[in-house]
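Each chain, written out:
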Amino acid sequence: MAQLQQVTSQSQFDELLKKAGRCLTVVHFQAPWAPQCAMMNDVMSELSKEHTTSSFVTLEAEEVPEVSEKYEISSVPTILFFKGGEKVDRLDGAHAPELSKKVQRLAVSGGPATGEVAPRRDLNERLKELTSAAPCMLFMKGSPQEPRCGFSRTIVGLLKEHSIQFSSFDILSDDEVRQGLKTYSNWPTYPQLYANGELVGGVDIVKELAESGELQNTCPKSLSLEDRLKAVINRGPVMLFMKGNKQEARCGFSRQTLELLNGAGVEYDTFDILSDEEVRQGLKTFSNWPTYPQLYVKGELVGGVDILRELSESGELEAVLRGDS
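> What is the right way to look at the pattern of salt bridges in this model?
Two side chains of opposite charge can pair, provided their charged atoms sit close to one another. In total, this model carries 16 salt bridges according to the counting rule given. In this structure, R105 engages D89 in a salt bridge whose closest nitrogen and oxygen atoms are separated by 2.8 Å. You can see R105 sitting in helix α4 (residues 96-110) and its partner D89 sitting in strand β5 (residues 86-92), a full 16 residues away along the chain. Relative accessible area serves as the criterion here: at 43%, R105 is assigned to the partly exposed category. Close ionic contact of D174 with R126 constitutes a salt bridge, the shortest N to O distance being 2.9 Å. Placement of the pair is D174 in the loop between β7 (167-170) and α7 (175-185) and R126 in helix α5 (residues 123-131), with a sequence separation of 48 residues. With respect to burial, D174 and R126 carry one shared label: buried. A cluster of three or more residues bridged by salt bridges with shared partners is formed by E46, K49, E50, K243 and R280.

> For this particular structure, what's the right way to read the environment of L123?
For L123, the location among the structural elements is in helix α5. For the pair formed by L123 and G180, sequence separation is 57 residues and the distance between their alpha carbons is 7.4 Å.

> Sorry, what's going on with the pairing of strand β2 (residues 25-30) here?
A regular strand carries its side chains on alternate faces of the sheet. Burial of β2 is extensive: 6 of the 6 residues sit out of reach of the surface. Here β2 shows no split at all, with T25, V27 and F29 on one side and V26, H28 and Q30 on the other all buried. As defined by bridge partners, β2 adjoins strand β3 (residues 55-60) across 6 bridges and the pair is classed as parallel. Its bridge partner lying in β3, V26 is registered against F56. Assessed by its sense of winding, the connection that carries the chain from β2 through helix α2 (residues 35-50) to β3 is right-handed. One ladder, built from 5 bridges, connects β2 with strand β4 (residues 78-83); its direction is antiparallel. By the bridge assignment for β4, V27 is matched with L80.

> What should I look at first to understand the packing of aromatic side chains in this one?
Tallied over the entire structure, the rule returns 7 aromatic pairs. Pairing F139 with Y194 gives two aromatic rings, centres 5.5 Å apart and planes at 75°, and the pair type is edge-to-face. With F139 in strand β6 (residues 136-140) and Y194 in strand β8 (residues 192-195), this residue pair connects regions lying 55 residues apart in the sequence. Neither residue differs from the other here; F139 and Y194 are each classed as buried. One aromatic cluster is present, formed by F13, Y71 and F82 through successive ring pairs. Between K246 and the ring centre of Y268, over which it is positioned, the NZ or CZ distance is 4.5 Å.

> Honestly, the sheet that holds strand β11 (residues 269-272) in this entry has me stumped. Any pointers?
The strands that make up a sheet pair up through hydrogen bonds in the backbone, lying either parallel or antiparallel. Taking strand neighbours across the sheet as the criterion, the 4 strands line up as β11-β10-β12-β13 in an open arrangement whose pairing is mixed. A single partner strand is all that each edge strand has here, and the edge strands are β11 and β13 (300-303). Strand-to-strand twist in this sheet, taken as the mean axis angle between neighbours without regard to direction, amounts to 30°. As defined by bridge partners, strand β10 (residues 238-242) adjoins β11 across 4 bridges and the pair is classed as parallel. Bridge assignment links M242 to a residue of β11, and that residue is D272. Where helix α11 (residues 252-264) meets the sheet, its contacts fall on β10 and β12 (294-297), and the angle it forms with β10 comes to roughly 160°.

> Before we go on, may I ask you to explain the environment of E129 in this structure?
Residue position: E129 is located in helix α5. Residue classification places E129 among the partly exposed positions, given a relative accessible area of 40%. Taking the C-alpha atoms as reference points, E129 and G197, 68 residues apart in sequence, are found 8.3 Å from one another.

> Explain the state of the cysteines to me, please; I cannot follow it from the model alone.
Two cysteines whose sulfur atoms are joined by a covalent bond form what is called a disulfide. Under the counting rule described, the total for this entry stands at 0 disulfides. Free of any disulfide, C149 has its nearest cysteine sulfur in C136, 17 Å distant. Judged by its relative accessible area of 17%, C149 is buried.

> Would you explain the sheet that holds β2 in this entry?
What the 5 strands build is an open sheet, ordered β1-β3-β2-β4-β5; its pairing is mixed. The open sheet terminates on both sides in strands that have one partner only, identified here as β1 (4-7) and β5. Direction aside, neighbouring strands of the sheet carry axes that sit 25° apart on average. Alignment of β1 against β3, held across 4 bridges, turns out to be parallel. Residue pairing across strands places Q5 opposite V57, the latter belonging to β3. Where helix α1 (residues 10-20) meets the sheet, it contacts β1, β2, β3 and β4, and its direction lies at approximately 140° from that of β1. Contacts from α2 reach β1, β2, β3 and β4, with the element oriented near 165° to β2.

What counts and how
- Residues numbered from 1 in each chain as written.
- Predicted model: local features only at pLDDT ≥ 70, side-chain atom pairs only at ≥ 80, totals over all residues.
- Heavy atoms only, no water.
- Salt bridge = Lys/Arg side-chain N within 4 Å of Asp/Glu carboxyl O.
- Helix = DSSP H or I, 4+ residues; strand = E, 2+ residues; numbered from the N terminus.
- Buried < 20%, exposed > 50% of the residue type's maximum accessible area, 1.4 Å probe, protein only.
- Pairing = 2+ DSSP bridges.
- Right-handed = clockwise from strand over helix to strand, strands pointing away.
- Phe/Tyr/Trp six-rings, centres within 6.5 Å; stacked < 30°, edge-to-face > 60°.
- Lys NZ or Arg CZ within 6 Å of the ring centre and 35° of its normal.
- Axes fitted to C-alpha atoms, helices over the stretch in contact; angles between N-to-C directions.
- Contact = heavy atoms within 4.5 Å.
- Disulfide = S-S within 2.5 Å.

Written out as structure tokens, the structure reads:
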């Protein structure tokens, strides 16, 4: 099983890239004092279990300055993607969903030739999920910590000034989202702010709402983690928390669970825990169940894939999914 590798010198880094050949190498430039780096390491560790032909590497940016300077690392976390010794992509900031997406795309395109192509998700479906990923979602250039344009910096300042809790998406990291969202929302510029999945507008609209005192009423009030978890668990009668979604499972256990549910012929909804680190970690404590996938029926935990397999073998699964028992 793949593990995170730690690089402590330039020679070690060069040798690692050489040995990797055309397989994907993911390098996390981190710092021990940055808590967001620890979070991204956890995500890297999980991804390494799923993409065993790829290499996942951590490197303390300040301890190996030759490599950091060569690749213009100015902040942490920064993650670079390599194939054949060449940098092929970059991710600045702690964006777990984007890291997962980039690894999925690059690992598939760079892995062994199997003749299979990963299914391409419908763009509108993806945009709907992204705009609804948090009660208040900001699509901007850069991150709240490092805005990459004046308009993005202004809107972040307004949201923080009015104590609006929000999540963000860096449109510079994904050109498909950047171009597609303009059509999806019929709004040609960035930043764009969404509340409960509906477009609020850009910086001028947000500024007007702030000046009129309506901004806090427009943006949903932040929920406690427990309330948020309860809301997500009860989003549908049968809710599966998994790695990936119905169309694209991202681990073997999630894939097996989908097969069992599809075989039972009962409608169900899914939540991709790779897209939300707060839910991913919080649900383990909330449910006292340390692994994924997790299945809930009418708000109550049923269990993971082993429990579902046992229920299927005993002929009880369909009744449990209907809430009959």
